[in-house]
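Residues per chain, in single letters:
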There are 2 protein chains.
Amino acid sequence: MLENALVNKNKSVNYKDMTKQLEQNLSALQQKIRDKKLPVIILFEGWGASGKGQLIADIIKMLDPRFFKVYSTMPANDFEKRYPLMKRFWANLPEYGAMSILDRSWYQELAIARLEEGISNEEYERRIKSVNIFERQLTDDGYLIIKFFLHISHQEQKKRFLKLKENSSTKWRVTELDKKRHKNYDIYYKQFDDMLMKTNSPHCQWKIIDTTDRSFTKFQVFNVLVSQIANAVNSEPPQKVIPSISELFELVPQPKLSEVRLEGKEMQPSKYFDELKKAQKELSKLHGKLYKKKIPVVLVFEGWDAAGKGGAIKRIGTALDPRGYEAVPIAAPDKHELNRHYLWRFWASLPKTGHITIFDRSWYGRVMVERIEKLTPEERCAMAYREINEFEQELTECGIIVLKFWLQIDKNEQLRRFTERQNTPEKQWKITDEDWRNREKWDLYEPAIDEMIQKTSTAAAPWHIIEGNNKMFARIKIMNIIIDKINEAIKK
Amino acid sequence: MLENALVNKNKSVNYKDMTKQLEQNLSALQQKIRDKKLPVIILFEGWGASGKGQLIADIIKMLDPRFFKVYSTMPANDFEKRYPLMKRFWANLPEYGAMSILDRSWYQELAIARLEEGISNEEYERRIKSVNIFERQLTDDGYLIIKFFLHISHQEQKKRFLKLKENSSTKWRVTELDKKRHKNYDIYYKQFDDMLMKTNSPHCQWKIIDTTDRSFTKFQVFNVLVSQIANAVNSEPPQKVIPSISELFELVPQPKLSEVRLEGKEMQPSKYFDELKKAQKELSKLHGKLYKKKIPVVLVFEGWDAAGKGGAIKRIGTALDPRGYEAVPIAAPDKHELNRHYLWRFWASLPKTGHITIFDRSWYGRVMVERIEKLTPEERCAMAYREINEFEQELTECGIIVLKFWLQIDKNEQLRRFTERQNTPEKQWKITDEDWRNREKWDLYEPAIDEMIQKTSTAAAPWHIIEGNNKMFARIKIMNIIIDKINEAIKK
């Protein structure tokens, strides 16, 4: 792709004047970005000395400093390396109506990592996939991502490095790494080209700019920015494609909720306490092993109100080292969370190596409460099955054990528990008017949950439906699944 | 203080039964903590093998996992070291109505750092002061902090280490550092004692527990927890003391706003553009020097609506390397921010070494809008002058350059600018109904601002009042102050 960079400018055109006009346009577009709540990500990749810093300075000169943030991407530090690759990039997403400008980006984890950190071909391809999913998920959510690759020839780079080295105040900017990369220009060229090709997706195309001529470069960059932003704020978002889940993912068949037999799934207290003790001891031991083997775990608890999520989580938590796990209760999103992609807050809570995160409710709110209460447009809810599957698949590919539990009770059992809560003073806080309102919508929720379970029970992260009318039975079943799955993973 | 730890239990008492009752009480108190929105911090410090981990496990066994978080404090990593000492501890504050349990805490930065990292006596005393201010500010805000120091004798520690070493599965827990500390028990004893004495403040007293006897230890810890929490949820908060600012801080006298002469503070455009170019060039150079010298800078912009904060910030931002500064616009706090101490969100935005943070409005909202609009009780607003002065003083003591600007315009000039904004299509978004409402309250704001400027113009971080009726004059004056102050700091 690099050979396509436009080198020759039209000599009869006054690019400087045209750029001036574009600068004014960009400045004026800020307000439209704000009004339309368009989130914009502008990223710069490219060769050393290709002029990224100068172009970023040129852009922000035209912007209100309260409106944008600039991020410089350094190699991941040891702490960041304990998390899935994309976590730190998710963390820096701009809010709707704001702009991020990236001086290098997630692309550092691709070509550069392939050549300099010796990641395998397989890992390289996996990262390519992660990046493509990341960008598609964001653009599907309305983010505008503008990607520049700044290109210069080997000869031009040599010239620029020499010039920098001539001056004592700029000499330090040419590093040993720069020299090494310059020497191996051809190898990097091939690797960059491969990366650009594989990540040049239709929703997010590369703009490859030859930066040999400074004024022509600036014109081209501003021209891309203004036209893409103007297009995004002025046109309706494209019709979204709702993908077929069964074609994209290997699904594990699951029964409908109405087919789950709850009767007879019971346990006597004496047996329960024996089993609980045994399971907790085992879990405690496994937690230590996970820590030593640096394996992270994500546990997801979903289920009807009063199905017993809290009680199950408590029994698990008691068995774990408190320094190695976190229970994350998920409520309705706060304003700053609503102002970003819905997966943003879940990425932020992922466990580091050797740790466990227990989600008490989760991203599945997207296809349950947000769908039933119409908090999110139907179309976006329908797209979530794929997004969620991709998210969970990515976690498992990063080595995280993902276990999802649906706690199933029937309507009568829920009524019994609600009534008991209402009649027990120290349990009253657990029952709210909203619980009663949700209960009235049981028949709306059930088909939605059935669809959710069918469509998100992937081979990578299948659902475990837990018969929950008897709490003791349910807790032991959950703990034993966790123990089995961790044991399997550790043996691998 | 360590010699006061209670060793002898009353042999006729059945502590186990009493502890059981206390465990139930603690569990029940969770709901009260939630109802009363009481934030609770429980921290454990103490000797190696004194049993911190076990006690934390005992406590959380009684709690709902969604209700608390456990933090293990490790030595600050290189990234954390680029920020003021207390930043990472501010970051982990529990929300109102939730609980944090700390396995080691900020106290690691005191005695341990004194003995093992070789910090100077002066720095040690400074940190003692920081910690005392931190804890007082939190308790003044209603936080309950319960501090345990777990004590064992040299002999007992030896016994425990030997027991751990006997077993192959626990052997690894006795580290080289443990051995070193054990060998120098007497030195650590003295240093711990000094630290405990100096941080045993009335609002936040140490509970020193001799942990030789396990069941007695557990009883004592639960007894402290239950009694302190019950006391906090059942009694009215103590009457707050409003301190005398002039006795606590060295203040720099400032004129009242009505005494600030705005007439004649003008600049012609031709001179302005010359001066601006000069100042921006100089600032750009200084930014590089700050980076190399690793000096962080905080710029605070306050002023009347339409006083020109945004324009000034833009001119400064243009001169800076975008990768080395951040402009942080401060709006009304979001829900998750309201759920914590008001300084929490500002600590989160502090610059790292060599970086600049520009606050467009700031923590001064506490004594302006929050006071005038009665969003915060009067008493808490009145306490803020001291808290803010302490905060800024701490930043300067950590080596941050703090510069605060009040942009002053008169009422007529504001009207002129409001009207202009309203009549200029591309500026209309800058003017809202709220601006007009605030303008009506000018006469309420002015004395509040006068008081604020008088009480928070400390020698460490004095206010700079900028005559702002002429924007060009104001911008150049601000930039020259920044340049002078950075030059001063660099020469030190």
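To be clear, the structure that these remarks concern was listed above.
The model shown is predicted, which means the values in this text are computed figures rather than measured ones.

Draft legend 1. View of the relation of the copies chain A and chain B. Rotating chain A by 180° and moving it 0.0 Å along the rotation axis overlays it on chain B with an RMSD of 0.1 Å. Both copies are brought into coincidence by an operation consistent with a two-fold rotation axis. When the interface residues of chain A are mapped onto chain B, 100% of them are again interface residues, pointing to one common binding face.

Draft legend 2. Region of interest: the environment of Asn339(B). Among the structural elements, Asn339(B) can be located in the loop between helix 13 (335-338) and helix 14 (344-348). Spatially, the C-alpha atoms of Asn339(B) and Glu95(B) are 5.4 Å apart, while their sequence positions differ by 244 residues.

Draft legend 3. Expanded view of helix 11 (residues 269-293) of chain A. Residue and element names in this part refer to chain A. Here helix 11 contains 25 residues, and its C-alpha end-to-end distance of 35 Å stays within 8% of the 36 Å for a straight helix at 1.5 Å per residue. For helix 11, the complete set of buried residues consists of Tyr272, Glu275, Leu276, Ala279, Gln280, Leu283, Leu286, His287 and Leu290. Along its buried surface, helix 11 packs onto strand 6 (297-303), helix 12 (309-319), strand 7 (325-329), strand 8 (356-360), strand 9 (401-408) and helix 20 (471-491). Note on helix 11: the residue one or two positions beyond its end, Lys294, has a positive phi of about 60°.

Draft legend 4. How the structure looks around the sheet that holds strand 8 (residues 356-360) of chain B. Residues and elements named next belong to chain B. One open sheet holds the five strands; their spatial order is 7-8-6-9-10, and the pairing between them is parallel. Single-partner strands in this sheet number two, and they are strand 7 (325-329) and strand 10 (463-467). Taking each pair of neighbouring strands and ignoring which way they run, the sheet shows an average axis angle of 20°. Looking at chain direction, strand 6 (residues 297-303) and strand 9 (residues 401-408) are connected through seven bridges and run parallel. Each residue of the ladder has a partner; that of Gly303, found in strand 9, is Leu407.

Draft legend 5. Representation of the sheet that holds strand 10 (residues 463-467) of chain A. Residue and element names in this part refer to chain A. Taken together, the five strands give an open sheet; going across it, the order is 7-8-6-9-10, and neighbouring strands pair in parallel fashion. Edge positions in the sheet fall to strand 7 and strand 10, since each has one partner strand and no second. Mean inter-strand twist for the sheet, computed between neighbouring axes without regard to direction, equals 20°. For strand 6 and strand 8, the ladder comprises five bridges, and the chain directions are parallel. Bridged to Val297 within strand 8 is Ile356. Sheet strands in contact with helix 20 are strand 6, strand 9 and strand 10, and its direction is about 155° off that of strand 10.

Draft legend 6. Focus on the interface of chain A and chain B. Contacts between the two partners involve 34 residues from chain A, matched on the other side by 34 residues from chain B. Summing the contributions of chain A and of chain B, the shared interface buries around 3,300 Å²; its carbon and sulfur component is 57%. Contact with chain B buries area across many residues of chain A, yet Arg66(A), Arg323(A) and Trp429(A) alone supply 20% of it, more than any other trio. Between the two partners, chain A and chain B, sit six salt bridges. A salt bridge links Asp103(A) to Arg323(B), with the shortest nitrogen-to-oxygen separation between them at 2.7 Å. Taken together, chain A and chain B are joined by 13 residue pairs in polar contact (both at pLDDT 80 or more). Elements represented by at least two residues in the side of chain A that touches chain B include exactly helix 1 (15-36), helix 2 (52-60), strand 2 (68-72), helix 12, strand 7 and helix 13 (335-338) of chain A. Per-class residue counts for the side of chain A that touches chain B are 14 nonpolar, six polar and 14 charged.

Criteria and thresholds
Residues numbered from 1 in each chain as written. Chains lettered and ligands numbered in written order. Predicted model: local features only at pLDDT ≥ 70, side-chain atom pairs only at ≥ 80, totals over all residues. Heavy atoms only, no water. Least-squares fit on C-alpha atoms with pLDDT ≥ 70 in both. Contact = heavy atoms within 4.5 Å. Helix = DSSP H or I, 4+ residues; strand = E, 2+ residues; numbered from the N terminus. Expected span 1.5 Å × (residues − 1). Buried < 20%, exposed > 50% of the residue type's maximum accessible area, 1.4 Å probe, protein only. Pairing = 2+ DSSP bridges. Axes fitted to C-alpha atoms, helices over the stretch in contact; angles between N-to-C directions. Buried area = accessible area lost by both parts, 1.4 Å probe. Salt bridge = Lys/Arg side-chain N within 4 Å of Asp/Glu carboxyl O. Polar contact = N/O pair within 3.5 Å; in protein donor to acceptor, adjacent residues only side chain to side chain. Nonpolar A, V, L, I, M, F, W, Y, C, P; charged D, E, K, R; others polar.

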